[in-house]
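Close look at the chain arrangement
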Amino acid sequence: MGAAELRDRGYAWLRGVLTPEQVRDARALVEDVVRRLDPPSLHAPEATPIAEGAFVTASGLALPGLLRMQPALEPMLLPARVLDPVLDALGEGARLEVAGALVSDRTRPFFRWHCHIDGIDESERMRAGHWPTVASLRRLLVLGYLDDLDEHTGTLRLLPRRVGEQTAPRGPLDAEHWPGAIEVRARAADAVVLDECTWHAAGAMRREGLRIVLVTFFRVANTPPAPFADPWLEAIDLPSRRGAH
């Protein structure tokens, strides 16, 4: 993966960034946190805090504070095969904003189309009717999958785009398919890197059990932090972790 690939299509699919053992260990560590939190549900129409660094949301149980809860997850949240190309794309001054996970089950329906421009919720932009032009790579989202994505777990859908193209939505946010969108059937251990302007959605889960995604956000040094950024992560020296895991 390189910066050119992200600029040309807004995403990169990295295969096999974790070992089978890391997938197993990461899953056990996240499941341990879920058991300790014991949330009443893994889905809620509005974000509901249940503990520090943990929220039940429309997308599932969001754990932006996961790295603090489970420091042993660092090698899986920041694997070299992800961190190295992300830093190549964003520059050595890049900062880590989130190191967490998203946990869902079959109670979560189709997760509507969304993107992460400036970390602002799409509903605010929809009300304002203003969608900015973003001319460079400023923020990257990494989705690290601990499950195979298929019709039972819910595939990732995304709309490829070139940096600088329009950022307005291409269809109704609740429509399961947009013209020009692609379906990504990633495997457990894969990661998908998305530019903040790349629209994406997720199919509903149709089997029992948990669907776990490791989630990290990175930004370039001269971009203001997103509203959801964790200040505790600012102190992490990302370049020192190149090739470390």
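Look a little higher up for the structure.
So, here's what we can say about the structure. (Residues numbered from 1 in each chain as written. Predicted model: local features only at pLDDT ≥ 70, side-chain atom pairs only at ≥ 80, totals over all residues. Heavy atoms only, no water.)

**What to know about the packing of aromatic side chains**
Under the defined criterion, the tally for this structure stands at 4 aromatic pairs. Residues Trp113 and Trp178 carry aromatic rings whose centres are separated by 4.2 Å and whose planes lie at 10 degrees to one another, so their mutual orientation is stacked. Here Trp113 is found in strand E6 (residues 111-114), whereas its partner Trp178 is found in the loop between strand E8 (156-158) and strand E9 (182-184), with 65 residues between them in sequence. Residues Trp113 and Trp178 agree in their burial class; the two are buried. Seen from their ring centres, Trp178 and Trp199 are 5.5 Å apart, and the 55 degrees between their planes marks the pair as tilted. On the criterion of sequence distance, the pair formed by Trp178 in the loop between E8 and E9 and Trp199 in the loop between strand E10 (191-195) and strand E11 (200-202) is long-range, its members being 21 residues apart. Each member of the pair, Trp178 together with Trp199, is buried. The structure contains a cluster of three or more aromatic residues connected by ring pairs, namely Trp113, Trp131, Trp178 and Trp199. (Phe/Tyr/Trp six-rings, centres within 6.5 Å; stacked < 30°, edge-to-face > 60°. Helix = DSSP H or I, 4+ residues; strand = E, 2+ residues; numbered from the N terminus. Buried < 20%, exposed > 50% of the residue type's maximum accessible area, 1.4 Å probe, protein only.)

**Some thoughts on helix H5 (residues 80-90)**
By the criterion of burial, H5 is predominantly enclosed, with 8 of the 11 residues buried. When H5 is considered as a whole, its buried residues turn out to be Ala80, Val82, Leu83, Pro85, Val86, Leu87, Ala89 and Leu90.

**Concerning the pairing of strand E12 (residues 211-219)**
For E12, the buried fraction is high: 9 of the 9 residues fall into the buried class. Where burial is concerned, the two faces of E12 agree: the one with Arg211, Val213, Val215, Phe217 and Arg219 and the one with Ile212, Leu214, Thr216 and Phe218 are both buried. Strand direction decides the pairing type here: strand E5 (residues 95-104) and E12, joined by 9 bridges, are antiparallel. Note that in E12 the partner of Ala101 across the bridge is Leu214. Inspection of the sheet shows strand E7 (residues 139-145) paired to E12 by 7 bridges, in the antiparallel sense. Within E12, the residue paired with Leu140 across the bridge is Phe218. (Pairing = 2+ DSSP bridges.)

**Quick word on the side chain of Asp195**
Residue placement: Asp195 occurs in strand E10. Asp195 gets classed as buried once you look at its relative accessible area, which sits at 2%. Once you skip the residues sitting within four places of it in the chain, Asp195 turns out to touch Gly10, Leu137, Arg139, Leu140 and Arg161. (Contact = heavy atoms within 4.5 Å.)

**Considering the sheet that holds strand E2 (residues 48-51)**
Pairing is antiparallel across the open sheet formed by 8 strands, whose spatial order is E1-E10-E7-E12-E5-E4-E3-E2. Edge positions in the open sheet fall to strand E1 (11-14) and E2, since each of these has one partner strand only. The average undirected angle you get between the axes of adjacent strands in this sheet is 20 degrees. Sitting on the sheet, H5 is in contact with E1, E7, E10 and E12, with an inclination near 165 degrees to E7. (Axes fitted to C-alpha atoms, helices over the stretch in contact; angles between N-to-C directions.)

**Observations concerning the pattern of salt bridges**
As enumerated under the stated definition, the model contains 23 salt bridges in all. For the salt bridge of Asp25 with Arg24, the shortest nitrogen-to-oxygen distance reads 3.1 Å. Residue Asp25 is classed as partly exposed on the basis of its relative accessible area, which comes to 34%. Assessed through its relative accessible area of 53%, Arg24 is described here as exposed. A salt bridge links Glu151 to Arg185, with the shortest nitrogen-to-oxygen separation between them at 3.0 Å. Residue Glu151 is located in the loop between E7 and E8, and its partner Arg185 is located in the loop between E9 and E10; the two are separated by 34 residues in the primary sequence. The exposure class of Glu151 is partly exposed, given its relative accessible area of 46%. Given a relative accessible area of 40%, Arg185 falls into the partly exposed group. (Salt bridge = Lys/Arg side-chain N within 4 Å of Asp/Glu carboxyl O.)

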